[in-house]
Amino acid sequence: MKIIEGHYEIEVPEGVPVWDVDPYDVDILQDPDEYYAELRSKGPFVYIPKYSILACGRYEETKEVFSDWERFISSRGVGLQDFELEEPWRPKSIILEVDPPEHSVTRRVLARALSPKATAALKELFQETADRLIDELLEKESFEAVVELAEEFPTTVFPKAVGLKEKNSRALVDYGAMVFNALGPDNELRRNAMAMGPTTVPWIVEQCNRKNLKPEGFGATIFAAADAGEINEEQAEKLVRSLLSAGVDTTVTGIGSALWCLAKFPDQFKRLKDDPTLLRPAFEEVLRFTSPVHSFCRTASGDTMVSGTRIAEGSKILCVLGAANSDERQWKEAEKFDIGRRPTGHLAMGTGIHGCVGQNLARAEVAAVLTSIIAKVEEIDFAGEAVWRPNNAIHALDKLPLVFKRA
Ligand code: OVM
């Protein structure tokens, strides 16, 4: 059998439209809305010959595939590569790229480390950091919000929350770019990201060691689970690596996209300032509207059926979360950014047993930044053109020049 992008070529299931598109084309990654709409319009699934994968973008099927961990597994990788056929670029994640029962143990440990109680304890650190940053930005005529706020905030608070002893924001951001681009095909984006390996990976691996972690923080909670015999030392190191893999680029993107939405829709910013109880619903709408993680794959564990489509064992299914989050079958006026919508059930943080384990933390970080902004900033304006940064799994800003006018 022929291998394409690290998995076996599959046959086109009966009745499934063949769509000659490259979902990893730079233009689509930067501006995906038309691609999302076309994907949904073609049916519950399409077959994409370039990569020999199925893709889904309607809400119902995307949710079904994403939440059924028995039929659509993660242990063969959540990118295009099938880990049963090829070695992944790094040892497998023991939470993202495993199924139950292994997953249940590691998930429990990380859920404890990132519990609502653990994140609530960081509230003051988050608020003080956000207030200081926003005060500094108010002094400037304009600023580059991706670097000076969206990256600056998480790379300041997250290493402290984990308990890292060394600061290296560049390595954290670059490692995130590697991890997420690695989920796509062997394209230029992936190759460029992988080229950062030698300057990035050794530092990341080193920080996961117990001796490089403070006695307090998420890292310490993970190693306490090793001391209790729940996991071993090597697993503890891998779970710290998961924090460093998934905790930076995602929150950087969430903050950047929130700023972009508020700058683009000033009426919604005003509404938020007038009613701060909308702060959390506003961020959920940012997530639905921008889908920071635009797509993840699953692999069919056996022959199965979804909405009348036959799916063969070993098929890679690209779940286009961004398309599901803008599906008009699910969302009224889906193309509208409405902070009062309360978009329960959006898939931006996944769903089911693999749903984002850091979501309390992510929401707490963004809440601190937005709380500070609505108190201190009267108006957010663009100071230049916003540019999106193509990434095989993340829909993030590359440049966001902004002006804050003082309240
Ligand atoms: C990990 C991990 C978890 C979630 C997302 C992610 C692809 C990585 O465990 O390393 O990014």
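With that settled, the discussion passes to the overall build of the protein chain. On a plain count of helices and strands, the protein chain comes out with 17 helices and 14 strands. Relative to the globule expectation of 22 Å for 407 residues, the C-alpha radius of gyration of the protein chain, 21 Å, shows essentially globular dimensions. Oriented by its inertia axes, the alpha-carbon framework of the protein chain measures out at about 60 × 50 × 35 Å. Relative to its full complement of 407 residues, the protein chain shows a buried share of 58%. Long-range pairs, those at least 24 residues apart, make up 73% of the contacts in the protein chain with a sequence separation of at least 6. Accessible surface computed for the protein chain: about 17000 Å², of which carbon and sulfur atoms make up 50%. Side-chain charges in the protein chain split into 48 positive and 65 negative, and the spacing between the mean points of these groups amounts to 4 Å.

To continue, consider the pairing of strand β14 (residues 401-406). Two strands pair when backbone bridges link them, and strand β6 (residues 143-144) and β14 are joined in this way by 2 bridges, in the antiparallel orientation. Within β14, the position partnered with phenylalanine 143 by the bridge is leucine 402. Here strand β11 (residues 377-382) pairs with β14 via 5 bridges, running antiparallel. Looking at β14, one finds that phenylalanine 382 is bridged to leucine 402.

Turning to the site of the ligand, a few remarks are in order. Around the ligand, the neighbouring residues are Arg90, Ser93, Ile95, Leu96, Val179, Phe180, Leu183, Ser242, Ser245 and Ala246. Separating an oxygen atom of the ligand from a side-chain N or O atom of serine 93 is a distance of 2.6 Å. With respect to the ligand, the side chain of serine 245 contributes an N or O atom lying 3.4 Å from an oxygen atom. Its free accessible area being 300 Å², the ligand has 89% of it covered by the protein chains. Under a 2 Å grid-point criterion requiring more than half of the atoms, the pocket assigned to the ligand is the largest cavity.

Let us look at empty space enclosed by the protein. Per the stated rule, a full pass over the model turns up 4 cavities of 30 Å³ or more. Approximately 780 Å³ is the volume attributed to the largest cavity. Forming the boundary of the largest cavity are 41 residues, of which Phe180, Ala246, Thr250, Cys356 and Val357 lie nearest the centre. Those elements giving two or more residues to the lining of the largest cavity turn out to be α4 (102-113), α8 (169-181), α12 (233-246), α13 (249-264), α15 (279-290), β7 (295-300) and α17 (359-376). Here the second largest cavity is characterised by a volume of approximately 110 Å³. Taken together, 14 residues make up the lining of the second largest cavity; nearest its centre are Phe83, Trp89, Glu97, Ala182 and Leu183.

Criteria and cut-off values
- Residues numbered from 1 in each chain as written.
- Predicted model: local features only at pLDDT ≥ 70, side-chain atom pairs only at ≥ 80, totals over all residues.
- Heavy atoms only, no water.
- Helix = DSSP H or I, 4+ residues; strand = E, 2+ residues; numbered from the N terminus.
- Rg over C-alpha atoms; globule rule 2.2 N^0.38 Å.
- Buried < 20%, exposed > 50% of the residue type's maximum accessible area, 1.4 Å probe, protein only.
- Contact = heavy atoms within 4.5 Å.
- Areas by Shrake-Rupley, 256 points an atom, 1.4 Å probe, with all protein chains shown as cover.
- Lys, Arg positive; Asp, Glu negative; His and termini not counted.
- Charge placed at Lys NZ, Arg CZ, Asp CG, Glu CD.
- Pairing = 2+ DSSP bridges.
- Near = heavy atom within 4 Å.
- Polar contact = N/O pair within 3.5 Å; in protein donor to acceptor, adjacent residues only side chain to side chain.
- 1 Å grid on protein atoms, 1.4 Å probe; cavity = no way out; pocket = protein on both sides within 12 Å on 5 of 7 lines; lining within 4 Å.
- Sits in = over half its atoms within 2 Å of the grid points.
- Points joined across faces, edges and corners; volume = space filled by probe spheres on them.

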